[in-house]
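Here are the chains, one letter per residue:
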Amino acid sequence: MLTVTFLGTSAARPTVERNVSGLSLQREGETLLFECGEGTQRQMMRYGVSFALSEIFFTHFHADHFLGVIGLIRTLGLQGRPEPLFLYGPKGAKKVLGEAMKLGVERVPFPVEIREVKPGDGMRDAGYGVRPGYEISVFPTEHGGGSVGYALREFERRGRFDVEKAKAAGIPEGPLWGKIAKGEMAGPEGVVGPARPGRLVVFTGDTRPTASVVDAAKGADLLIHEATFGEEEKERAKETGHSTAKEAAQVALAAGVKKLMMCHVSARYSTSADELVKEAREVFPNAGVAKDGMEVDVPFSD
Ligand SMILES: [Zn+2]
Ligand SMILES: [Zn+2]
């Protein structure tokens, strides 16, 4: 199971319909949080996202992406959490988040470790140990001030066990099949098929359309790209370091992703983002604009 839950999809400020940036990713019982704008903890409660998380990833430090971490950490403290919490962000994370930690909290009763990341980091090791079956890589985005995006890439899975070939090779049905299927024992050639790809989910945060995102998202199962504006405000997108829906779609097309979900939409699209969807689908058909509370499952491709 790999599911993304959109907790906030509005750019810059909350609206009645949409909160500011927040996104959770649930995988094999683990919850990861990306961005934590003001009000994110209430969105987590509303949409049933677990507070039992160990890591929060930040793409940059504009207020709409991190202010919620202060209240969330205070709540986690009230709940008597003992486990450490790891906060990741680009250069400046230690200063900004370090100051945020001191606001309105006398003492955080559990360890909070702030780690600065840089483009190219593999982040194989999570704060709590080695990540089970995936890594999170960091790539540069274009939003000024050293902003980054994150890609979750699962490792390859073993190939499928071919029952017919096993029978043909004269391997008796029983425990041997299980051992060969799990790789605990070598079987005749072809009984276990070729390794199957894991899933790739890419989250850009705020950015102009850029080649580094295309590279990071090559063949992704899901690309989550910001789309703050529509085509009529494409100049404004350029001036403010954001993307239009069409530009997000062009990135999705160039990267050959399977699905594009757009978020971080300007307040004018808060009630209806149909215009953004239409503009994007002219370039890349499998595109949509997320709403708060929307869950997107990412299945294996085979
Ligand atoms: Zn933003
Ligand atoms: Zn920003």
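The structure contained in this document is the topic of the report that follows. Just so you know, these numbers come straight off a predicted model, no measurement behind them. (Residues numbered from 1 in each chain as written. Chains lettered and ligands numbered in written order. Predicted model: local features only at pLDDT ≥ 70, side-chain atom pairs only at ≥ 80, totals over all residues. Heavy atoms only, no water.)

## Section: the layout of surface pockets
Where empty space is left can be seen by rolling a probe of water-molecule size over the atoms.
Piece 1. What the largest pocket holds in volume is close to 200 Å³.
Piece 2. Taken together, 14 residues line the largest pocket, and the ones lying closest to its centre are Ala11, Ala12, Thr228, Phe229 and His242.
Piece 3. Classifying every residue of the lining of the largest pocket by side-chain character gives 4 nonpolar, 6 polar and 4 charged. (1 Å grid on protein atoms, 1.4 Å probe; cavity = no way out; pocket = protein on both sides within 12 Å on 5 of 7 lines; lining within 4 Å. Points joined across faces, edges and corners; volume = space filled by probe spheres on them. Nonpolar A, V, L, I, M, F, W, Y, C, P; charged D, E, K, R; others polar.)

## Notes on the coordination of the zinc ion (ligand 2)
Piece 1. Surrounding the zinc ion (ligand 2) are the protein donor atoms His60 (NE2), His62 (ND1), His143 (NE2) and Asp206 (OD), at 2.2 to 2.3 Å.
Piece 2. What the 4 donor atoms of the zinc ion (ligand 2) show is an angle range of 90 to 168 degrees at the metal, which sorts the shape as irregular.
Piece 3. Mapping the donors of the zinc ion (ligand 2) onto the primary sequence gives the spacing H-x1-H-x80-H-x62-D.
Piece 4. Here the zinc ion (ligand 1) and the zinc ion (ligand 2) are spaced 3.4 Å from one another, each receiving a donor from aspartate 206. Pair noted here: histidine 143 is in the loop between β9 (134–140) and β10 (148–154) and aspartate 206 is in the loop between β11 (200–203) and α7 (211–216), with a separation of 63 residues, a long-range link. (Donors = N, O, S within 2.8 Å, 3.2 Å for Na, K, Ca; no water. Tetrahedral: all angles 85-135°; square planar, octahedral: opposite > 155°, others 65-115°. Helix = DSSP H or I, 4+ residues; strand = E, 2+ residues; numbered from the N terminus.)

## A word on the state of the cysteines
Piece 1. Considering all chains together, one arrives at 0 disulfides under this definition.
Piece 2. No disulfide involves cysteine 263; its sulfur sits 15 Å from that of cysteine 36, the nearest cysteine.
Piece 3. Of the residues examined, cysteine 263 reaches a relative accessible area of 7% and is grouped as buried. (Disulfide = S-S within 2.5 Å. Buried < 20%, exposed > 50% of the residue type's maximum accessible area, 1.4 Å probe, protein only.)

## Observations concerning the sheet that holds β9
Piece 1. In spatial order, the strands read β9-β10-β11-β12-β13-β14; together these 6 strands make up an open sheet with mixed pairing. Edge positions in the sheet fall to β9 and β14 (287–289), since each of these pairs with one other strand and no more. Strand-to-strand, the axes of this sheet are offset by a mean angle of 15 degrees, without reference to chain direction.
Piece 2. Those strands touched by helix α10 (residues 274–281) are β13 (260–263) and β14, and its axis lies near 165 degrees from that of β14. (Pairing = 2+ DSSP bridges. Axes fitted to C-alpha atoms, helices over the stretch in contact; angles between N-to-C directions. Contact = heavy atoms within 4.5 Å.)

## Section: the packing of aromatic side chains
Aromatic ring pairs are defined here through the distance separating the ring centres and the angle between the ring planes.
Piece 1. Evaluation of the coordinates by the stated rule reveals 8 aromatic pairs.
Piece 2. Consider the rings of phenylalanine 57 and tyrosine 88, whose centres lie 4.9 Å apart with planes at 10 degrees: the pair is stacked. Residue phenylalanine 57 is located in strand β4 (residues 55–57), and its partner tyrosine 88 is located in strand β5 (residues 85–89); the two are separated by 31 residues in the primary sequence.
Piece 3. On the basis of relative accessibility, which here comes to 0%, the residue phenylalanine 57 falls in the buried class.
Piece 4. Tyrosine 88 gets classed as buried once you look at its relative accessible area, which sits at 2%.
Piece 5. Aromatic side chains phenylalanine 57 and tyrosine 150 sit 5.3 Å apart centroid to centroid with 65 degrees between the ring planes, which places their arrangement in the edge-to-face category. Residue phenylalanine 57 is located in strand β4, and its partner tyrosine 150 is located in strand β10; the two are separated by 93 residues in the primary sequence. The same class applies to phenylalanine 57 as to tyrosine 150, namely buried.
Piece 6. One aromatic cluster is present, formed by Phe34, Phe57, Tyr88, Tyr150 and Phe203 through successive ring pairs.
Piece 7. Arginine 157 extends its terminal NZ or CZ atom over the ring of phenylalanine 300, reaching a point 3.6 Å from the ring centre. (Phe/Tyr/Trp six-rings, centres within 6.5 Å; stacked < 30°, edge-to-face > 60°. Lys NZ or Arg CZ within 6 Å of the ring centre and 35° of its normal.)

## Some points on the coordination of the zinc ion (ligand 1)
Piece 1. The zinc ion (ligand 1) binds to the protein through Asp64 (OD), His65 (NE2), Asp206 (OD) and His264 (NE2), with metal-donor distances spanning 2.2 to 2.4 Å.
Piece 2. Taken together, the 4 donor atoms coordinating the zinc ion (ligand 1) span angles of 87 to 173 degrees at the metal, a pattern that classifies the geometry as irregular.
Piece 3. All donors to the zinc ion (ligand 1) come from one chain, and their sequence spacing reads D-H-x140-D-x57-H.
Piece 4. Since its relative accessible area comes to 1%, histidine 65 is described here as buried.

## Considerations on the environment of arginine 46
Piece 1. Looking at the element boundaries, arginine 46 is found in helix α1 (residues 40–46).
Piece 2. Here arginine 46 falls in the partly exposed class, since its relative accessible area comes to 48%.
Piece 3. Note: C-alpha distance between arginine 46 and leucine 7 (39 residues apart in sequence) is 9.1 Å.
Piece 4. Looking at arginine 46, its side chain comes within polar contact range of the side chain of glutamine 43, at 2.9 Å. (Polar contact = N/O pair within 3.5 Å; in protein donor to acceptor, adjacent residues only side chain to side chain.)

## Focus on the sheet that holds strand β2 (residues 22–27)
Piece 1. The strand order across the open sheet built from 7 strands is β6-β5-β4-β3-β2-β1-β15, with neighbouring strands paired in mixed fashion. One side of each edge strand has no neighbouring strand; the edge strands of this open sheet are β6 (112–116) and β15 (295–297). The average angle at which neighbouring strand axes cross in this sheet is 20 degrees, direction not considered.
Piece 2. As paired elements, β5 and β6 share 5 bridges and run parallel to each other. When the sheet's bridge partners are listed, glycine 89 is paired in β6 with glutamate 116.
Piece 3. Sitting on the sheet, helix α4 (residues 93–102) touches β5 and β6, and the angle it makes with β6 is about 160 degrees.

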